Amino acid sequence: MDIKGYQGYQGYKEQGINDMSPGELLLLLYDELVKRLLRAELALGKEDYILFEASVDRSLDIVRYLDDTLDMQYPISRNLNRLYDYFSYELNRVKAGRNKTELERVKTMACELRDTFREAEKNSGCAAAESAGGQA
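Keep in mind the model is a prediction, meaning the values are calculated, not measured.

Participant: Provide a residue-level description of the packing of aromatic side chains, including the pertinent values.
Facilitator: Evaluation of the coordinates by the stated rule reveals 2 aromatic pairs. Taken together, a centroid distance of 5.4 Å and an interplanar angle of 25° make the contact between Tyr30 and Phe117 stacked. Here the residue Tyr30 occupies a position in helix α2 (residues 22-45), and Phe117 occupies one in helix α5 (residues 100-135), the gap between them amounting to 87 residues. A relative accessible area of 0% means that Tyr30 is categorised as buried. When the ring of Tyr86 is compared with that of Phe87, the centres are 6.4 Å apart and the planes differ by 50°; the resulting orientation is tilted. Using a relative accessible area of 27% as the deciding quantity, one classes Tyr86 as partly exposed. Judged by relative accessible area, which is 1%, Phe87 ranks as buried.

Participant: If you had to explain the confidence of the model for the chain to someone new, which residues and values would you point to?
Facilitator: One rule of thumb: low pLDDT means the predicted coordinates there are not for detailed reading. Confidence in the prediction of the chain, expressed as mean pLDDT, is 84, and 78% of residues score 70 or more. For the chain, the element scoring lowest by mean pLDDT is helix α1 (residues 3-18), at 54; helix α3 (residues 49-68) scores highest, at 96. Across residues 128-136 the pLDDT falls below 50, and counting only partners more than four positions away or on other chains, this stretch makes 0 contacts in the model.

Participant: Account for the layout of surface pockets, with residues named and values stated.
Facilitator: By volume, the largest pocket is sized at about 370 Å³. Secondary structure elements with two or more residues in the lining of the largest pocket: α2, α3, α4 (75-97) and α5. Broken down by element, the residue count for the lining of the largest pocket peaks at 6 residues, all from α2. Per-class residue counts for the lining of the largest pocket are 14 nonpolar, 3 polar and 2 charged.

Participant: Lay out the pattern of salt bridges in plain terms, naming residues and giving numbers.
Facilitator: Per the counting criterion, the structure on display carries 13 salt bridges. Asp61 is the salt-bridge partner of Arg64, the closest N and O atoms lying 3.1 Å from each other. Separated by 3 residues within a single helix, Arg64 and Asp61 lie in helix α3, roughly one turn from each other. A relative accessible area of 42% places Arg64 in the partly exposed class.

Participant: Now, about the side chain of Asp67: what can you tell me, with residues and values included?
Facilitator: Within the secondary structure, Asp67 sits in helix α3. It turns out Asp67 is buried and unbridged, and the closest side chain with the opposite charge, Arg64, is 8.3 Å from it. Here Asn81 takes part through its side chain, which lies 2.7 Å from a polar atom of the side chain of Asp67. In this structure, Asp67 is in contact with Asn81, Tyr84 and Asp85, ignoring residues within four places of it in sequence.

About the thresholds
- Residues numbered from 1 in each chain as written.
- Predicted model: local features only at pLDDT ≥ 70, side-chain atom pairs only at ≥ 80, totals over all residues.
- Heavy atoms only, no water.
- Phe/Tyr/Trp six-rings, centres within 6.5 Å; stacked < 30°, edge-to-face > 60°.
- Helix = DSSP H or I, 4+ residues; strand = E, 2+ residues; numbered from the N terminus.
- Buried < 20%, exposed > 50% of the residue type's maximum accessible area, 1.4 Å probe, protein only.
- pLDDT = per-residue confidence, 0-100.
- Contact = heavy atoms within 4.5 Å.
- 1 Å grid on protein atoms, 1.4 Å probe; cavity = no way out; pocket = protein on both sides within 12 Å on 5 of 7 lines; lining within 4 Å.
- Points joined across faces, edges and corners; volume = space filled by probe spheres on them.
- Nonpolar A, V, L, I, M, F, W, Y, C, P; charged D, E, K, R; others polar.
- Salt bridge = Lys/Arg side-chain N within 4 Å of Asp/Glu carboxyl O.
- Lys, Arg positive; Asp, Glu negative; His and termini not counted.
- Polar contact = N/O pair within 3.5 Å; in protein donor to acceptor, adjacent residues only side chain to side chain.

Spelled out as structure tokens, the structure:
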């Protein structure tokens, strides 16, 4: 791909992200978090410690971003803040000790949280559609 093609692709990707709802962006971040945790788990199994550490570091970056963007005026944000602190603590332990059990625990919790947010986004989309349909 030439430089113009690459720039066009980057612009297309950025436009797609800019057109996403906050719920869709949240799901994208959770999908990426789960993907990085899975990559870390696979790398640990293959004893590819460079990829393992890079994947855990990227997971930590995502968790920090999720935590930094919480709106603390909502009670659920305080609960998520504690959960993200736990994720960060455990991922740092995972990285230091190459602990597969803790990595699996964090990955499972991240998957469950992602699935919960996905269901909430789907339900809010249905509610919005019903609301818009009722006003027509």
